[in-house]
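# Summary of the model geometry
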Amino acid sequence: MSIVAIIVTYNPELSRFRYVLNQASKQVNHVIIVDNGSKNKDILRKLCSETNNCDFIEVSFNSGVAHALRIGIKYSSKYDPEWLLFLDDDTILMNNAIVKSFNLINNLPDIIKRKVGAVLLGSINGKCNINVIDYGPFSGTLVKASISERVCCRDDFFLDQADHDMYFNIRRLGYLVLGINCRLINHKLGIKRWIPILSNILHRSVGYEPPWRYYYIIRNSTRLLIEGKMNLTFYTIQLIDSSIRIFFADGPWALIKPLGLGITHALLNELGYVDPRFFV
């Protein structure tokens, strides 16, 4: 298989990123780093230049994950890959993750293999079963290169839920999305924080997103709901869950502004980037 990995970077932790790049470069044919204006971009460029199958693209500003992936997809066509692998700058491929994944895929019946449009690599321990899934994150997703430009990526979302939109587009084209339920990647998901009341009840830190990130989640989810790309039940549970975390972590006033603006902008179809300082 000819595989190109696209890694989107934005101020990554260098010690971890070295592992990300090293593991990816050993397991795919080419690595493309698309940098969204990192402060440490010169070091990232040097790390890429020291890797014999790595190309570095500098965007020069934070264009968002979706836009950066689109740039990487377009650039990857020079290598004529069969598959693209999307990675965050903190997502480490486990040893032989790509080989294991395609061994599993190749054992599927031909009628199913022909319909596979994307495969999500698992991040938790399991039996390496393959299941049909509806949605997943960008990072750790293998996407068939021949459909990549048609399904990815919605850069007006800037950040959250652009992955949800891509998965929906893949399925709408009639392709299957598969998930492999074993540890093939090491991926950090979100921020863990001790939130009063919630953490006291659960006796642990819980996932947390700041108000500016919550704005994108609500705005883009509402837009997907309007467009019929998100299930109402999923939308409602996500809205309530995120709202509770912001309410207890930052107070009601920190919740009202991003919630109100997110829904309003979605209804008016006013998308794109919003300065995080607006929500401070």
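Read on for an overview of the structure. (Residues numbered from 1 in each chain as written. Predicted model: local features only at pLDDT ≥ 70, side-chain atom pairs only at ≥ 80, totals over all residues. Heavy atoms only, no water.)

The next thing to look at is the side chain of Thr222. Counting through the fold element by element, Thr222 comes out in helix α9 (residues 211–226). At 2.7 Å, the side chain of Thr222 forms a polar contact with the backbone oxygen of Ile218. Polar contacts involving the side chain of Thr222 include one to the side chain of Tyr235, which spans 2.8 Å. Once residues lying within four places of it in the same chain are set aside, the contact partners of Thr222 are Tyr235, Ile263 and Ala266. (Helix = DSSP H or I, 4+ residues; strand = E, 2+ residues; numbered from the N terminus. Polar contact = N/O pair within 3.5 Å; in protein donor to acceptor, adjacent residues only side chain to side chain. Contact = heavy atoms within 4.5 Å.)

With 14 residues, helix α1 (residues 14–27) extends 20 Å between its outermost C-alpha atoms, agreeing within 8% with the 20 Å of an ideal straight helix rising 1.5 Å per residue. Residues Arg16, Phe17, Val20, Leu21, Gln23, Ala24, Ser25 and Gln27 constitute the buried set of α1. (Expected span 1.5 Å × (residues − 1). Buried < 20%, exposed > 50% of the residue type's maximum accessible area, 1.4 Å probe, protein only.)

Taking strand neighbours across the sheet as the criterion, the eight strands line up as β3-β2-β1-β4-β8-β6-β9-β7 in an open arrangement whose pairing is mixed. The open sheet has two edge strands, β3 (54–58) and β7 (130–132), and neither has a second partner. Averaged over all neighbouring strand pairs, the angle between strand axes comes to 25°, with direction disregarded. Relative to β3, strand β2 (residues 30–35) runs parallel, the two sharing five bridges. Residue Val31 lies in a different strand from β3, and its bridge partner there is Cys54. Helix-sheet contacts for helix α3 (residues 65–76) involve β1 (3–9), β2, β3 and β4 (83–88), and the interaxial angle to β1 is about 150°. (Pairing = 2+ DSSP bridges. Axes fitted to C-alpha atoms, helices over the stretch in contact; angles between N-to-C directions.)

Moving on, we get to the nonpolar core. If you look at the biggest cluster of nonpolar residues, it comprises 43 residues, and the most contacted ones within it are Leu69, Phe86, Phe138, Cys152 and Met166. Setting aside its immediate chain neighbours within four residues, Met166 contacts Phe86, Phe138, Thr141, Val143, Val151 and Cys152. (Core = buried A, V, L, I, M, F, W, Y, C linked by side-chain atoms within 4.5 Å.)

All right, on to the pattern of salt bridges then. Under the definition given, this model contains 16 salt bridges. Put simply, Asp250 and Arg193 hold a salt bridge, and the shortest N to O gap is 3.5 Å. Taken together, the residues Asp250 in helix α10 (residues 232–250) and Arg193 in strand β11 (residues 191–193) connect sequence positions 57 residues apart. Assessed through its relative accessible area of 31%, Asp250 is described here as partly exposed. Relative accessible area serves as the criterion here: at 30%, Arg193 is assigned to the partly exposed category. With its nearest N and O atoms 3.6 Å apart, the salt bridge here joins Glu209 to Arg213. Of the residues examined, Glu209 reaches a relative accessible area of 23% and is grouped as partly exposed. The class for Arg213 is partly exposed, based on a relative accessible area of 23%. Among the charged side chains, a network of salt bridges with common partners joins Arg154, Asp156, Asp165, Arg223, Glu227 and Lys229. (Salt bridge = Lys/Arg side-chain N within 4 Å of Asp/Glu carboxyl O.)

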